[in-house]
Amino acid sequence: MMSRSYTNLLDLAEGNFAALGPVGGGGRRRQGSFGLKRMSRVMTVPGTLSELDGEDESERAATNSVASDVPSSVGSDRMIVVSNQLPVVARRRPDGRGWSFSWDDDSLLLQLRDGIPDEMEVLFVGSLRADVPVAEQDEVSQALLDRFRCAPVFLPDHINDRFYHGFCKRQLWPLFHYMLPFSSSASDATTSSSPGTGRFDRSAWEAYVLANKFFFEKVVEVINPEDDYVWVHDYHLMALPTFLRRRFNRLRIGFFLHSPFPSSEIYRTLPVREEILKALLNCDLIGFHTFDYARHFLSCCSRMLGIEYQSKRGYIGLDYFGRTVGIKIMPVGVHMGQLQSGLRLPDREWRLAELQQQFEGKTVLLGVDDMDIFKGINLKLLAFENMLRTHPKWQGRAVLVQIANPARGKGKDLEAIQAEIQESCRRINGDFGQSGYSPVVFIDREVSTVEKIAYYTIAECVVVTAVRDGMNLTPYEYIVCRQGAPGSESMSEVSGPKKSMLVVSEFIGCSPSLSGAIRVNPWNIEATAEGMNEAISMPEQEKQLRHEKHYRYVSSHDVAYWSKSFVQDLERACKDHFRRTCWGIGLGFGFRVVALDPHFTKLNIDSIVNAYEISESRAILLDYDGTLVPQTSINKAPSAEVLSIINTLCSDRRNTVFLVSGRDKDTLGKWFASCPKLGIAAEHGYFLRWSREEEWQTCTQALDFGWMEMAKPVMNLYTEATDGSSIETKESALVWHHQDADPGFGSSQAKEMLDHLESVLANEPVSVKSGQFIVEVKPQGVSKGLVAERILASIKERGKQANFVLCIGDDRSDEDMFENIADIMKRNIVAPRTPLFACTVGQKPSKAKFYLDDTFEVVTMLSALADVTDPELETDSAYELSASISSLDIGDEQSESTGRTIGG
C-alpha cells in the first residue's frame, strides 16, 4: 500500500489539484495557464512541443520512455537557475500604477553569474518578494522575462504560507539545524504566523510538494530540455528534481544546499526522509559547503536507501540505478568586486573617521549576525563577559560591537533569547562600564552596507559564535575589508601592514576553510573567552601572517570560482547523458531513471526460445540466490516449480544444465536431490559434479588449507567487535557476513578486515574479496568464470561443442562468469556464431548484455524454455537442425517489435 505522500505526488503529477483542496483562492489560475509568452524553442520532432503545454496522457506516457527528451536544433547551452526567490527587488510605483524592478546586488544568485561562461545564457526562475495581484501577474511576468530574463512563480497565499512558513521554516530549517520538535511548540521560534504545530504536519508537506510543482511548471514553460542545464538552490525545492526528471529523463540537473545537512541520527526522524533523499538523487550533481554536510548526506543514503558511495580520481559519486550522482564539496565565497566597490564609496571615509574617533584607544571586537536562535549572540556576550572578568587588563579597553540584523521570524524561543541578550548587555555595561566607556555596543537595527564595511575596517577581531550555520560569510567579508581596496589609500585607512583576527564557531560552514582562525565550541563559554583573549593579544606579526593566508584563500575562492567549479563539475557529470539508454520507472517519489549502456537490453523471450529450439548442444548455467530465489526470501529452498522446470530442462539430452553457486555442496545437494541430471558447481566452482550419481570433484588437487587457521582468528576478532556480524565456514572458503550489522560500522569494519586479511595472507595461495555485505577468503583460481569455462570445455571434449549458451546471475561473483562467456567465442570453445545469452538480474551496470528485472521473470523465461523442450527427441534428429543455427541473427531477432519481452 502506498503512503499518502506517494499517492499525493501522483495526484499532483497528474494535475489533480483537488487532492489538496482549492488552489486558486481569490480567483487565481493554475500556474501553467498564465499568459506568459514562452521562450522560443525549435524542436526537430513534430508534436513534442505540445507535450510541454499541459498535464495530459502524453506526459504520463513519457514517464516510461525517452520520448520526452527530444532533440533540439538550438545549439547554445543555457543555465536555468531555480530558487525560492528571484534576485530581483520589486516595488510598487509611487503613483500606484505598475511596478518598478531592479537587481538585488546582494543576492548570491545574481553574483554566481560571474562564474558562468559568457556564451551561456542565464535564466532565473523563482518567486518575487512582493504580492502581485492576479490581474497584473501576466504583465509582470512578461516584463521580468524581457528585461531581466526572470520567470516569476506566483504561489497562492494559502499554499505559500503552508509551503514556506509551514514546512520550510517549521520542519526543514529547524531539523537541518539540529533542532527536534520534542514538544508541539518546539519550533515556534522559527516562524511567523505559522499554521499547525512544530511537529510533522502532513498538510504542510503536501503544500511543499504542490509548491515545488508550481516551480516545475514554470521551468517547463521556458526550458529546452536537450540544451539547458537546471541548477536548483536550497532546501525549499528539494522535491523539484523528481518532477523535472519524470518529465525529462535526460535533463541535466544540479542542486546546491546552502544550509547544513544534519547527521543521519537527526535526519532519520523526518517522516518523509526517504522521499526527499530519492528526490535529490534524481539530480546529476549535489553540492554541499563542507565535507561534513556531504558525509551526513552519504550516510543517510547508505543507512536509509542502502546506496554506498565510491570515490574515483578525486570525485565522489553514488551509483543510482546506472546513473552516477556526483557529490560536490565547495564552500561558496564572497563577491570580491562588490566588496571592493563598497570600500571605495565616498560615505565610507567619513563613517570610518567617525568610528575611529568613537573607539579611539579601544580594541574593537565585532559581531555581525541575524537575530535568530542559532546565531549564538547570547553565548558571545557571556564569553565576552567572562573574558573581562578573567583578564581584567581588557576592562576599559576592549569593546564588543554587536550588530544584530532584525529578526525575520517570531516565537517564544526567539523572544526569550532577545530578552536574555538585552539583560546581558545591561549587566555587562553595568558591571564593567565607566565614564565614556561601554564594553558592549548593541546595534539592533538595519545597518547599511557602507556602515557595515566601516565597522569591519576598524575591528581588531570578528567573533562568530553560531551554534549551527550553513556557511556564514561574515569572516570572509571582514578579511576583504581589512585588506582594503587595491590602490585605494585614504587618510582614514588603517595604516601599516594589513592584519585581521577571527574567532569562529566550529559549527559553521566556513570554519574548515579558515585554518588561521581560532576555532571554538561556542557552548564552552570559558574556551570562547580564552579564544577572544588570544586573538586580541596575539603578536602583530602573527596577525599579519594569518591575515595574508586568509586573504589569499578568500580572494581566490570567491563566488565566481565557486559557481565556475560547480558548472564544470555539472558538465562533467552529464557528459554521457545522450549516449546512454534511459528508462523512467517507479511511482511518486520512488520515480527514478535507469541509465544503461545502449547495448544492454532486456532479454526477449521469443529470441531465446527460437535460438533454443534450433540448437543441438546447449549449456545453461544458473546462479541460485537472487536468480532462482529472491535475496529477501526467508525460505531459501527451491520451490516445486523451480525443481520441475530444472528437471524438464535436464531431461533433454541436448542440454547441459548447471547450478553455479557460492553455497556449500551439502546444502545444494540436499535441496536439488530430486534433480538427478542437474550439474552443480558449489562454492563458486571449487566443488563440481555432473549429476547426482557422480562424485564431487575439486577444481585443483591437494590444496593446503592451513591459511584458514590464519584467517579465522582475524575474522573472529572483527565478529566479536561488530554486533550483527557472523562467519560462514565452508570447506574451501571463509565468509564474513555483516548485513545485520550497523550499515556504517559494518562497512567500515569490512574495509578494515579486507586490509588486515590481505596483510596476514599475503604469502598464501588465496584471494580476499569484498562483496555485498560480505568479505570472502577463498583459494586462488576459484571463480564462477573459470568453472563456466571448464564446463564448456568439457562439453567440447565430449564431442558436442555448445552452440547455445545461457548464463544468468545477479551479483558481483557472476560478473566473472559474464566476462569469460563473452571471451569464449574467440578461443573456439563453443561453435562459431553461437548465441550467447549472458543475463543479469536487475537493471544495473553489468558485463552481461541482457537483463531480466527479477527472479519471477527468470523463472518465467526458464518455464518458456521448458515448454519447448522435447525430451523424446533423439540426438540424430537434433543434428538435423544444426544447419539452421547459422541463419539465426540474435540482434535482428531482438529488434523485432513483435517479439515478446518478459514484463513488457
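- Looking at an unreviewed UniProt entry, the protein chain carries the name alpha,alpha-trehalose-phosphate synthase (UDP-forming), with the source organism given as Urochloa decumbens.
- In its Catalytic activity (unreviewed entry) section, the UniProt entry covering the protein chain states "D-glucose 6-phosphate + UDP-alpha-D-glucose = alpha,alpha-trehalose 6-phosphate + UDP + H(+)".

**Observations concerning the overall build of the protein chain**
Reasoning step 1: Of the regular secondary structure elements, the protein chain holds 30 helices and 32 strands.
Reasoning step 2: The buried share among the 904 residues of the protein chain stands at 56%.
Reasoning step 3: Relative to all contacts within the protein chain whose residues are 6 or more apart in sequence, the contacts with residues 24 or more apart total 74%.
Reasoning step 4: With an accessible surface of roughly 36,800 Å², the protein chain has 48% of that area assigned to carbon and sulfur atoms.

**Concerning the pairing of strand β3 (residues 99–103)**
If a strand is regular, its side chains alternate between the two faces of the sheet.
Reasoning step 1: Summarising the sheet, strand β2 (residues 88–92) and β3 pair through five bridges and their orientation is antiparallel. When the sheet's bridge partners are listed, V88 is paired in β3 with W103.
Reasoning step 2: Two successive antiparallel strands, β2 and β3, enclose a turn made up of six residues, where G96 displays a positive phi of approximately 80°.

**Notes on the packing of aromatic side chains**
Reasoning step 1: Counted by the stated rule, this structure contains 33 aromatic pairs.
Reasoning step 2: Seen from their ring centres, F216 and F243 are 5.6 Å apart, and the 25° between their planes marks the pair as stacked. Here F216, found in helix α7 (residues 202–222), pairs with F243, found in helix α8 (residues 240–247); they are 27 residues apart in sequence, far enough to count as distant.
Reasoning step 3: Its relative accessible area of 2% is what places F216 among the buried residues.
Reasoning step 4: Arranged with centres 5.1 Å apart and planes meeting at 90°, the rings of F256 and W562 form a pair that is edge-to-face. Taken together, the residues F256 in strand β7 (residues 252–256) and W562 in helix α20 (residues 559–573) connect sequence positions 306 residues apart.

**A word on the sheet that holds strand β24 (residues 687–689)**
Reasoning step 1: Pairing is mixed across the open sheet formed by nine strands, whose spatial order is β20-β32-β31-β30-β21-β22-β23-β24-β25. The open sheet terminates on both sides in strands that have one partner only, identified here as β20 (601–602) and β25 (697–698).
Reasoning step 2: Its contacts with the sheet put helix α26 (residues 784–797) on β21 (618–622), β22 (655–660), β23 (679–682), β24, β25 and β30 (804–809), and the angle it makes with β22 is roughly 160°.
Reasoning step 3: Its contacts with the sheet place helix α27 (residues 812–823) against β21, β22, β30 and β31 (836–841), and it is angled at close to 160° to β30.

**Describing the packing of helix α21 (residues 605–613) against helix α28 (residues 855–867)**
Reasoning step 1: Direction vectors running N to C along α21 and α28 enclose 35°, while the axes themselves pass 10 Å from each other. Between α21 and α28 lies a crossing of right-handed hand. Along the contact surface, α21 presents I605, I608, V609 and Y612, while α28 presents M861, A864 and L865.
Reasoning step 2: Partitioning the contact of α21 with α28 into residue classes produces seven nonpolar, no polar and no charged.

**Overview of the pattern of salt bridges**
Reasoning step 1: Evaluated as defined, the whole model comprises 38 salt bridges.
Reasoning step 2: When the shortest N-O distance is used, the salt bridge between R129 and D104 registers 2.9 Å. Note that R129 is positioned in the loop between β4 (121–127) and α5 (134–148) and D104 in the loop between β3 and α4 (108–111), a separation of 25 residues in sequence.
Reasoning step 3: Classification of R129 as partly exposed rests on a relative accessible area of 44%.
Reasoning step 4: D104 gets classed as buried once you look at its relative accessible area, which sits at 15%.
Reasoning step 5: A salt bridge links E540 to K543; its shortest N-O distance comes to 3.5 Å. Separated by three residues within a single helix, E540 and K543 lie in helix α19 (residues 540–556), roughly one turn from each other.
Reasoning step 6: The class of K543 is buried, set by a relative accessible area of 3%.
Reasoning step 7: The network of salt bridges with common partners includes E385, R389, R427 and D431.

**Quick look at the nonpolar core**
Reasoning step 1: Of all hydrophobic cores here, the largest spans 179 residues; its most connected members are L128, F261, Y267 and F297.
Reasoning step 2: Looking at this core, the element that brings in the most residues is α7, giving twelve residues.
Reasoning step 3: Counting 43 residues, the second-largest nonpolar core is a separate cluster that includes I605, Y612, L628 and M861.

**Things to note about the packing of helix α13 (residues 346–358) against helix α16 (residues 449–458)**
Reasoning step 1: It is at 9 Å that the axes of α13 and α16 come closest, and there the two elements cross at 45°. One way to sum up the angle between α13 and α16 is to call them oblique. Of the two possible hands of crossing, α13 and α16 adopt the one that is right-handed. On the side of α13, the interface is formed by D347, R348, R351, L352, L355 and Q356, while α16 contributes V450, E451, I453, A454, Y455, T457 and I458.
Reasoning step 2: For the contact of α13 with α16, the per-class residue count stands at seven nonpolar, two polar and four charged.

**Re α7**
Reasoning step 1: In this model α7 runs 31 Å from its N-terminal to its C-terminal C-alpha over 21 residues, within 8% of the 30 Å that 1.5 Å per residue would give.
Reasoning step 2: Where burial is concerned, most of α7 is hidden: 19 out of the 21 residues are buried.

**Here's the deal with the sheet that holds strand β14 (residues 440–443)**
Reasoning step 1: If you walk across this open sheet you meet the six strands as β14-β13-β12-β15-β16-β17, and the pairing is parallel. Here the strands that pair on one side only, and so sit at the sheet edges, are β14 and β17 (518–520). For this sheet, the mean angle separating the axes of adjacent strands, direction not counted, is 20°.
Reasoning step 2: As paired elements, strand β12 (residues 363–370) and strand β13 (residues 398–405) share eight bridges and run parallel to each other. Each residue of the ladder has a partner; that of L365, found in β13, is L400.
Reasoning step 3: Set on the sheet, helix α18 (residues 525–537) makes contact with β12, β15 (461–464), β16 (502–505) and β17; between it and β17 the angle comes to about 170°.

**Description of α16**
Reasoning step 1: Of all the ten residues making up α16, eight are buried; the element is thus mostly covered by neighbouring parts of the structure.
Reasoning step 2: If you check which residues of α16 are buried, you get V450, E451, I453, A454, Y455, Y456, T457 and I458.

**So, the environment of V787**
Reasoning step 1: Structurally, V787 can be placed in helix α26.
Reasoning step 2: Residues V787 and H684 lie 103 residues apart in sequence; the distance between their C-alpha atoms is 7.7 Å.
Reasoning step 3: Those residues within four positions of V787 in sequence are excluded, and the remaining contacts are V660, A681, H684, G685 and L688.

Rules and cut-offs
- Residues numbered from 1 in each chain as written.
- Predicted model: local features only at pLDDT ≥ 70, side-chain atom pairs only at ≥ 80, totals over all residues.
- Heavy atoms only, no water.
- UniProt positions renumbered as here; feature names shortened; annotations may be inferred.
- Helix = DSSP H or I, 4+ residues; strand = E, 2+ residues; numbered from the N terminus.
- Buried < 20%, exposed > 50% of the residue type's maximum accessible area, 1.4 Å probe, protein only.
- Contact = heavy atoms within 4.5 Å.
- Areas by Shrake-Rupley, 256 points an atom, 1.4 Å probe, with all protein chains shown as cover.
- Pairing = 2+ DSSP bridges.
- Phe/Tyr/Trp six-rings, centres within 6.5 Å; stacked < 30°, edge-to-face > 60°.
- Axes fitted to C-alpha atoms, helices over the stretch in contact; angles between N-to-C directions.
- Left-handed = near helix turned anticlockwise from the far one by under 90°.
- Nonpolar A, V, L, I, M, F, W, Y, C, P; charged D, E, K, R; others polar.
- Salt bridge = Lys/Arg side-chain N within 4 Å of Asp/Glu carboxyl O.
- Core = buried A, V, L, I, M, F, W, Y, C linked by side-chain atoms within 4.5 Å.
- Parallel < 35°, antiparallel > 145°, perpendicular 65-115°, else oblique.
- Expected span 1.5 Å × (residues − 1).

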